[in-house]
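Analysis of the macromolecular model
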Amino acid sequence: MDKRPIGVFDSGVGGVTVLKEIQKLIPNENYIYIGDTASFPYGSKSQKTIIKLCKKRIEDLINNNVKLIVIACGTATSQALEEMQKIFNIPIIGIIEPTVKYLKDNNIRKIGIIATAGTIRSKGWEKKIKQNIKESDVQSKACPLLAPMAEEGWINNDIAKLAVHEYVKDIKNIEALILGCTHYPLFIDSIKKEVGKNVDIINTGKMVAKEVKDYININNLQNDKRNKGITKIFLTDIECNFINVAKKLMQIEDISIKKLNN
Ligand code: DGL
């Protein structure tokens, strides 16, 4: 039995879409979430900066005695995961590999990806897909406005719908659309309308949750099954709209947030 929490981080509220899926699957685990709101958005920053930020956030989580870390961010996964796995001696799971595994297992080849500018520029998704799925056909599109709109809580208004339409309209003839930024599940309704019901819209949090569960089972890191999991949320800057969006996402009224001392 291992009571230590699972650490999860993102630039802001997007990673809560991943946290929520992991909590659903393993509610008996304890969690520490860091939203790096002081450095939001990650999507427009250079790889060098992303590596520096990820290093700091992982150190923060390790200082909080976590047993495993989830990089609940597409931008950070695509540009810093490998480097972090080299530096730190703790299991670190990103959002790309578990999702590509799902695509492969389901024989999905015609794939659309929407993500931040940094993620698309890095070609992190394309590389992993090409390595694992023969004859894949990938269309990708950077959507730099969506994550800031999600942080603002502009999820279902006309501007959000228009932005989703503008970004997704040219992606055609796909079997699945990967939400390659963890903020994008917040726009799921508009995205569904845009791509139609025959396209599998992939919320990476679900695949990550399965990967985390399998990992802790295989490595004997599970908490007591009877434990009622506790989640602690830290932000690097609390002057933001995080709490309102997180409440909607987690469907709870009472969220307490602490400023991370850094
Ligand atoms: N949620 C993040 C991602 O998955 C980052 C968005 C941002 O900070 O630009 O890419």
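What you see is a predicted model, and the numbers here were worked out from it, not measured in a lab.

Parameters and conventions
Residues numbered from 1 in each chain as written. Predicted model: local features only at pLDDT ≥ 70, side-chain atom pairs only at ≥ 80, totals over all residues. Heavy atoms only, no water. Near = heavy atom within 4 Å. Polar contact = N/O pair within 3.5 Å; in protein donor to acceptor, adjacent residues only side chain to side chain. Areas by Shrake-Rupley, 256 points an atom, 1.4 Å probe, with all protein chains shown as cover. Nonpolar A, V, L, I, M, F, W, Y, C, P; charged D, E, K, R; others polar. Salt bridge = Lys/Arg side-chain N within 4 Å of Asp/Glu carboxyl O. Helix = DSSP H or I, 4+ residues; strand = E, 2+ residues; numbered from the N terminus. Buried < 20%, exposed > 50% of the residue type's maximum accessible area, 1.4 Å probe, protein only. Core = buried A, V, L, I, M, F, W, Y, C linked by side-chain atoms within 4.5 Å. Contact = heavy atoms within 4.5 Å. Axes fitted to C-alpha atoms, helices over the stretch in contact; angles between N-to-C directions. Parallel < 35°, antiparallel > 145°, perpendicular 65-115°, else oblique. Left-handed = near helix turned anticlockwise from the far one by under 90°. Pairing = 2+ DSSP bridges.

1. What about the site of the ligand?
Taken together, the neighbourhood of the ligand is formed by 14 residues, with S11, Y42, G74, T75 and H183 sitting nearest. T75 has a polar side-chain atom sitting 2.6 Å from an oxygen atom of the ligand. In this structure, a nitrogen atom belonging to the ligand sits 2.7 Å away from a side-chain N or O atom of H183. Bound to the protein, the ligand loses 99% of the 300 Å² it would expose on its own. Counted by class, the shell around the ligand contains six nonpolar, seven polar and one charged residues.

2. Some words on the pattern of salt bridges
Should their charged atoms come close, side chains of opposite charge can pair. This structure, assessed with the given rule, holds 11 salt bridges. Linking D60 and R57 is a salt bridge whose minimum nitrogen-to-oxygen distance equals 2.9 Å. Placement of both D60 and R57 in helix α2 (residues 47-63) is noted, with a separation of three residues, approximately one turn of the helix. Note on accessibility: D60 and R57 belong to one class, buried. Between K169 and E166 there is a salt bridge whose closest N-O contact spans 2.8 Å. Classification of E166 by relative accessible area gives partly exposed; the value is 44%. Several salt bridges converge on common partners, so that one network encompasses E21, K24 and K206.

3. What to know about the nonpolar core
Core analysis: the biggest nonpolar cluster contains 68 residues, and I22 and V70 have the highest contact counts within it. If we skip the residues at most four places from it in the chain, V70 touches I6, G7, V8, F9, V18, I22, I93, V208 and V212. Ranked by size, the runner-up nonpolar core spans 22 residues in total, among them I34, V66, M84 and L260.

4. Considering the packing of helix α8 (residues 158-168) against helix α9 (residues 188-195)
In helix packing, the relevant descriptors are the interaxial angle and the interaxial distance, both defined with respect to the helix axes. Between α8 and α9, whose axes approach to 9 Å, the crossing angle comes to 45 degrees. Put simply, α8 runs oblique to α9. In this structure, the crossing between α8 and α9 has a hand that is right-handed. Across the interface between the two elements, K161, V164, H165 and V168 of α8 pack against S190, I191, E194 and V195 of α9. Of the residues assigned to the contact of α8 with α9, the class counts are four nonpolar, two polar and two charged.

5. Here's the deal with the sheet that holds strand β6 (residues 137-142)
Either a parallel or an antiparallel arrangement is found when strands of a sheet pair, and the pairing is made through backbone hydrogen bonds. Pairing is parallel in the open sheet, where four strands are placed in the order β6-β5-β7-β8. Each edge of the open sheet carries a strand with a single partner, namely β6 and β8 (200-203). Within the sheet, the average angular offset between the axes of one strand and its neighbour, ignoring direction, is 20 degrees. Pairing geometry for strand β5 (residues 110-115) and β6, over six bridges, is parallel. Bridging across to β6, A115 finds its partner in A142.

6. Comments concerning the pairing of strand β1 (residues 6-10)
Of all five residues making up β1, five are buried, and the element is well covered by its neighbours. Neither face of β1 is left uncovered, since the one carrying I6, V8 and D10 and the one carrying G7 and F9 both have all their residues buried. As defined by bridge partners, β1 adjoins strand β2 (residues 31-35) across five bridges and the pair is classed as parallel. Bridged to F9 within β2 is I34.

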